[in-house]
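So you can see what is in the structure, the chains are spelled out below.
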Amino acid sequence: MDKFPRVMDLLPRAKRRLPHFSSEYLFSGTGYDLAINNNKNILKNIFLTPRYLKGSVQPNLKTKILNCEFNVPFGIAPVGLTSLIWPGAEKYLSKMSVKNKIPYCLSTVACASIEEVSKFLNGQGWFQLYPPENKEIRNDLLKRAIKSGYKVLVVTADIPASSRRERLRLAGVSVPPKNNLRTFFHAAICPSWSIGTLINGIPAFGTMDQYSDGNWHGTEKTKAGFAGSQMKRFLDWDYLKEVKDIWKGPVVLKGLMHKEDAILASKIVDCVYLSNHGGRQLDMAPSPLQTLPEIRNSLGPDYPIIIDSGFYSGQDMCKALMLGANFVMTGRPFFIGMGALGEEGAQHIHDILKDEIFNVMEQICVKDIGELQKQKLSLPENFVLREMNYN
Ligand SMILES: Cc1cc2nc3c(=O)[nH]c(=O)nc-3n(C[C@H](O)[C@H](O)[C@H](O)COP(=O)(O)O)c2cc1C
């Protein structure tokens, strides 16, 4: 803690130890990086005037959502090509999530498969679905996740198309990286990553690859390789209802930011998950934090709301909780931790975030997350976005 007391203290070390292609894949936004920068900047001018004289308070961080109780109000967002960023990351994150009782959401396009990761999850895992247009593949994915004991399904809505990711193009980075001299060079100068990859195996699409080879019993197959894994996606409200009928447990819809979408979603799914995909999809998108207060007002006090995109400290997370979220997910910080410190890094990030939330709660004398959520923040003007009426 003394050497790396904040998430961002680990960033320089992580950047040194990650090959260029992994680092650019992890840290890039899209377009002009406006959304990714706004996610961070919008958090800066939010203040809380503390109240005191409440005696001594021992904060309790336990949080209930979707019929589960977690030790803290945060979890690990789904991240694709996980082991390309840090070899073995799915295993490290799932083990850490069980040890600390936080949710880990496995991506459809992670490198380790649904089945492999489930061995470490103790029936506590969340599975994220990129909705394939091919319903045969969709149903098979859901069947596999149910059979492997995943509890919560997270359906991602905010990828109607791949984004341009200009930074990756400029850096000549292809994802997954091509086996050429340049890739080899970038890997060779990062020995911890390279040795990890030799032990863990070359990153592949553990869950999706089977739909593109001859072993799958289904009639339709995706194209082989990366293009196949980024299969044609499709989502509308009817499709979502079908998914909800197949999945018997809680279903979460991820990637919404518009109030009307949230209202429609709340009639079908058990929870909405506000996100701009960490600024990786639509560069003119607001931070989901800016739409959160309005969505909370529309959905009422009891409907569960999860949020992510740019919450890299316990303070940031407290702000989201005070503005109406029930739970905060985070993506890049856990990879910064693993990039810097390997397996231990994931635990270290957890410990930092937990300690920071605990400290905020001590500082403002609140005893539990419910009381934290009732605190009233001061927001900058125009923080909450409203659609203009031009006519
Ligand atoms: C490298 C990377 C890969 C991602 N892959 C997925 C994915 O496979 N599925 C998904 O729903 N979201 C994916 N996301 C979005 C995350 O789930 C999450 O919304 C985002 O990381 C939150 O922003 P943060 O990184 O600022 O916390 C990805 C994000 C990153 C950075």
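Everything in this summary refers to the structure shown in the same document. These figures come from a predicted structure and were not determined experimentally.

### Looking at helix α2 (residues 20-27)
Okay, so step 1: Counting buried positions along α2 yields 7 of 8 residues, so the element is predominantly enclosed.
Okay, so step 2: Turning to α2, its buried residues are Phe 21, Ser 22, Ser 23, Glu 24, Tyr 25, Leu 26 and Phe 27.

### Some thoughts on the pattern of salt bridges
Okay, so step 1: Within the structure shown, the criterion is met by 12 salt bridges.
Okay, so step 2: With its nearest N and O atoms 3.2 Å apart, the salt bridge here joins Glu 24 to Arg 167. Taken as a pair, Glu 24 in helix α2 and Arg 167 in helix α8 (residues 166-170) lie far apart in primary sequence, 143 residues in all.
Okay, so step 3: Relative accessible area serves as the criterion here: at 14%, Glu 24 is assigned to the buried category.
Okay, so step 4: Notably, a salt bridge pairs Arg 167 with Asp 33, separated by 2.9 Å at the nearest N-O pair. Taken together, the residues Arg 167 in helix α8 and Asp 33 in the loop between α2 and α3 (34-41) connect sequence positions 134 residues apart.
Okay, so step 5: Look at Arg 167 and you get partly exposed, because its relative accessible area is 29%.
Okay, so step 6: The exposure class of Asp 33 is buried, given its relative accessible area of 13%.
Okay, so step 7: If you follow the salt bridges from partner to partner, you end up with Glu 24, Asp 33 and Arg 167 in one network.

### What about the packing of helix α16 (residues 332-341) against helix α17 (residues 343-363)?
Between two packed helices, both the angle of their axes relative to each other and the distance between the axes serve to describe the pair.
Okay, so step 1: Between α16 and α17, the least distance of the axes is 6 Å, while the angle of their chain directions is 135°. Judged on the interaxial angle alone, α17 and α16 are oblique. For the pair α16 and α17, the sense of crossing is right-handed. Here α16 contributes Pro 333, Phe 334, Gly 337, Met 338 and Leu 341 to the contact with α17, which in turn contributes Glu 343, Glu 344, Gly 345, Ala 346, His 348, Ile 349, His 350 and Leu 353.

### Focus on unusual backbone geometry
What is expected of a backbone is that most residues other than glycine have negative phi and most peptide bonds are trans.
Okay, so step 1: One non-glycine residue with positive phi stands out, namely Arg 165, at about 45°.
Okay, so step 2: Its place among the elements puts Arg 165 in the loop between β6 (152-156) and α8.
Okay, so step 3: Its identity is not glycine, yet Asn 382 carries a phi of approximately 60°, on the positive side.
Okay, so step 4: Assignment of secondary structure puts Asn 382 in the segment after α18 (369-373).
Okay, so step 5: The class for Asn 382 is exposed, based on a relative accessible area of 67%.

Quick notes on the rules
- Residues numbered from 1 in each chain as written.
- Predicted model: local features only at pLDDT ≥ 70, side-chain atom pairs only at ≥ 80, totals over all residues.
- Heavy atoms only, no water.
- Buried < 20%, exposed > 50% of the residue type's maximum accessible area, 1.4 Å probe, protein only.
- Helix = DSSP H or I, 4+ residues; strand = E, 2+ residues; numbered from the N terminus.
- Salt bridge = Lys/Arg side-chain N within 4 Å of Asp/Glu carboxyl O.
- Axes fitted to C-alpha atoms, helices over the stretch in contact; angles between N-to-C directions.
- Parallel < 35°, antiparallel > 145°, perpendicular 65-115°, else oblique.
- Left-handed = near helix turned anticlockwise from the far one by under 90°.
- Contact = heavy atoms within 4.5 Å.

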